[in-house]
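Now for the letters of each chain:
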Amino acid sequence: AAYDRTLGGQEFDLRLRDHFAAALQAKYEGKLKVPVREAPRAMAKLLKEAKKRKEVLSANSDTLAQVEGAHEDRDFRHAVTRDEFEEMTADLLAGVAGPVEGALLATGMGMSDIKSVVVTGGGTRVPRVQALLLEATGRTELEKSINGDEACALGAVFQAASLSKSFRVKKFEVRDAVLFPIDVSFDKAAVVDEETGAEVRPARRVRKTLFHASNAFPQKKIMTFNKAVDDFTLNVDYGDLGYLPEPARTFFGPRNISVVTVEGVAAAVAQYKPE
């Protein structure tokens, strides 16, 4: 799996909405009590119109946006072309090939191993997006017959039927995998010579990878702490995310998953310590 949280159909809608907002503000500059961008109702109307115009531009080279009473009882009319739309979304279009390359890298496959490329979602209707996907995949056509909502529902039904013993369906495989690497870190106490009291090895922080990216899931992992004589704490965190593109790392959020405290170790060691 691969993705880009900053790239999607909504991002294209927002770019077009902001373009309309700027045009509306410029048309009535000096006549508005409240700037367009500070009026939630006006921005909602422009977003609704932007979604419609994006769909129209998928099949036409130009379109006319019209919103009655867009802001402060003022109407809005503005022509926009497909070339203008592609220009205002140029940075988004530049990232279209990224998820394709990331998915191939994560699976260790090449495009020669792929039978067909299926696209779904409103953003894939944009002609330039389709052209870039064709270029990235080296194909002459894309499979566009699947409805996104229907695909999710149908996939769930087939998976349920496959797991059930009451239905006989053509066998297909769904593999769950850990999307991001998961590490465990903990403090390791210093090693001291019992006779001299000298420190043989200083205390240190140990980090081990519990799950690598794309590891099969669920699965059991066992860690042995055979030298632990005191209670200790484990930090479970996401591992090295350097393979993700910069926008994905920026929006990733907190790296820590959980903090686990193992208690009772010191008491158990003292209880069973030989005389």
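This report concerns the structure included in the present document. (Residues numbered from 1 in each chain as written. Predicted model: local features only at pLDDT ≥ 70, side-chain atom pairs only at ≥ 80, totals over all residues. Heavy atoms only, no water.)

**Quick word on the packing of aromatic side chains**
Summed over all chains, the structure comprises seven aromatic pairs. Both rings, one in F180 and one in Y238, keep their centres 5.8 Å apart while their planes meet at 85°; by these two values the pair is edge-to-face. In this pair, F180 is assigned in the loop between helix 7 (148-163) and strand 3 (182-188) and Y238 in strand 7 (residues 232-238), connecting sequence segments 58 residues apart. On the basis of an interplanar angle of 80° and a centroid distance of 5.1 Å, the ring pair of F186 and F225 is categorised as edge-to-face. Taken together, the positions of F186 in strand 3 and F225 in the loop between strand 6 (204-211) and strand 7 put the pair 39 residues apart, joining distant regions of the chain. (Phe/Tyr/Trp six-rings, centres within 6.5 Å; stacked < 30°, edge-to-face > 60°. Helix = DSSP H or I, 4+ residues; strand = E, 2+ residues; numbered from the N terminus.)

**Overview of the side chain of D237**
Note that D237 resides in strand 7. Side chain to side chain, D237 and N256 meet in a polar contact 2.8 Å long. With near-sequence residues (within four places) excluded, D237 lies in contact with P181, I182, D183, S185, R207, R255, N256 and I257. (Polar contact = N/O pair within 3.5 Å; in protein donor to acceptor, adjacent residues only side chain to side chain. Contact = heavy atoms within 4.5 Å.)

**A look at the packing of helix 1 (residues 9-27) against helix 2 (residues 40-57)**
Remark: helix 1 packs on helix 2, axes separated minimally by 8 Å, with the N-to-C direction vectors making an angle of 120°. Between helix 1 and helix 2, the crossing angle belongs to the class labelled oblique. Judged by the sense of rotation from one axis to the other, the crossing of helix 1 with helix 2 is right-handed. On the side of helix 1, the interface is formed by G9, F12, D13, L14, L16, R17, D18, F20, A21 and L24, while helix 2 contributes M43, L46, L47, E49, A50, K51, R53 and K54. (Axes fitted to C-alpha atoms, helices over the stretch in contact; angles between N-to-C directions. Parallel < 35°, antiparallel > 145°, perpendicular 65-115°, else oblique. Left-handed = near helix turned anticlockwise from the far one by under 90°.)

**Let's talk about a positive patch on the surface**
On the surface, R201, R204, K208 and K227 cluster together to form a positively charged patch. With respect to the secondary-structure elements, K208 resides in strand 6. (Patch = residues over 30% accessible without salt bridge, like charges linked within 9 Å, V, L, I, M, F, W, Y side chains within 5 Å. Areas by Shrake-Rupley, 256 points an atom, 1.4 Å probe, with all protein chains shown as cover. Salt bridge = Lys/Arg side-chain N within 4 Å of Asp/Glu carboxyl O. Lys, Arg positive; Asp, Glu negative; His and termini not counted. Charge placed at Lys NZ, Arg CZ, Asp CG, Glu CD.)

**Some details on the nonpolar core**
With 35 residues, the main nonpolar core has F20, V36, L46 and F76 as its most contacted residues. With six residues, helix 1 is the single largest residue contributor to this core. In contact with L46, not counting residues within four places along its chain, are R17, F20, A21, L24, V36, V67 and F76. Membership of the second largest hydrophobic core comes to eleven residues, among which are V178, L210, F211 and F232. (Core = buried A, V, L, I, M, F, W, Y, C linked by side-chain atoms within 4.5 Å. Buried < 20%, exposed > 50% of the residue type's maximum accessible area, 1.4 Å probe, protein only.)

**Some remarks on the pairing of strand 7**
Note on strand geometry: in a regular strand, side chains alternate between the two faces of the sheet. With four bridges connecting them, strand 3 and strand 7 associate as antiparallel partners. Paired with D183 across the bridge in strand 7 is D237. Direction of pairing for strand 7 relative to strand 8 (residues 256-262): antiparallel, over a ladder of six bridges. Directly across from T233, in strand 8, lies its bridge partner T261. (Pairing = 2+ DSSP bridges.)

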